[in-house]
Amino acid sequence: MAAEVDSSPEALALQGQASKLSRDELRQIHRRYGAAMWRRCRTIMRSDAAADDALQEAFMNLIRYGQAFREAQKKLPWLYQVCQRACWAELKRRQRAPEPMATLPEEPLAEVDDLEDQDQVMKILLALEPKERDLAVMVWVEERSQGDAAEHLGWSRQTVNKRLKQIRAFARARAEQP
């Protein structure tokens, strides 16, 4: 006879609390990994304030999904994934609600094209699947080797090469669209 599972609201609430990280666990994560997590957010967001927002979102996700962190074999790469997803969510949110023109910094005309290029790159990255986005950031932003990216994503090097070619083709097609 199988043991009965207690699915009462009280039992479910206790299970939910058990899967969350405690304040002490969050403090330890922040103390040990916080700087690396913030640098990852800063690399993607390209702004200290936006990196702060994304990092805050990453820690909110850690609170909710603490058990997955506890079970992760490699803690820092797992935290990097949480940060990257928080950054992409923040970028999508900002894309839906653009900043008012009055708050944008004044840029010399020579740098406007660079801003437009950055905007185009961010739109392309946001259109990719999450693992492809992670691959693109690892290889072209962080300048990690394809072998390292393959190991991190759990793909073969051949798959990484194939996906990078697909991402390049997708980016070219997107850049040619008016």
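Residues numbered from 1 in each chain as written. Predicted model: local features only at pLDDT ≥ 70, side-chain atom pairs only at ≥ 80, totals over all residues. Heavy atoms only, no water.

Caption draft 1: Spotlight on the pattern of salt bridges. For the structure on display, the rule yields six salt bridges. Between Glu 90 and Arg 93 there is a salt bridge, with its nearest N and O atoms 2.5 Å apart. Taken as a pair, Glu 90 and Arg 93 lie in helix H5 (residues 75-96) at a separation of three residues, close to a single helical turn. (Salt bridge = Lys/Arg side-chain N within 4 Å of Asp/Glu carboxyl O. Helix = DSSP H or I, 4+ residues; strand = E, 2+ residues; numbered from the N terminus.)

Caption draft 2: Region of the structure containing unusual backbone geometry. Unlike most non-glycine residues, Arg 46 shows phi in positive territory, near 65°. Here Arg 46 is to be found in the loop between helix H2 (23-45) and helix H3 (48-64). Under the relative-accessibility criterion, Arg 46 is labelled exposed at 52%. (Buried < 20%, exposed > 50% of the residue type's maximum accessible area, 1.4 Å probe, protein only.)

Caption draft 3: Here's a closer look at the packing of aromatic side chains. Scanning the entire structure with this criterion turns up one aromatic pair. The aromatic ring of Phe 69 is capped on one face by Lys 75, whose charged end is 4.8 Å from the ring centroid. Sitting above the plane of the Trp 155 ring, Arg 163 keeps its charged end 4.5 Å from the centroid. (Phe/Tyr/Trp six-rings, centres within 6.5 Å; stacked < 30°, edge-to-face > 60°. Lys NZ or Arg CZ within 6 Å of the ring centre and 35° of its normal.)

Caption draft 4: Expanded view of helix H8 (residues 146-153). Listing the buried residues of H8 in full gives Ala 149, Ala 150 and Leu 153. Here the buried residues of H8 occupy an arc of 100° about the axis, which is enough to place them on one side. Residues of H8 that are buried make contact with helix H7 (130-141) and helix H9 (157-176). Looking one or two residues past H8, Gly 154 carries a phi angle of roughly 80°, positive in sign. (Arc of directions from axis to C-beta. Contact = heavy atoms within 4.5 Å.)

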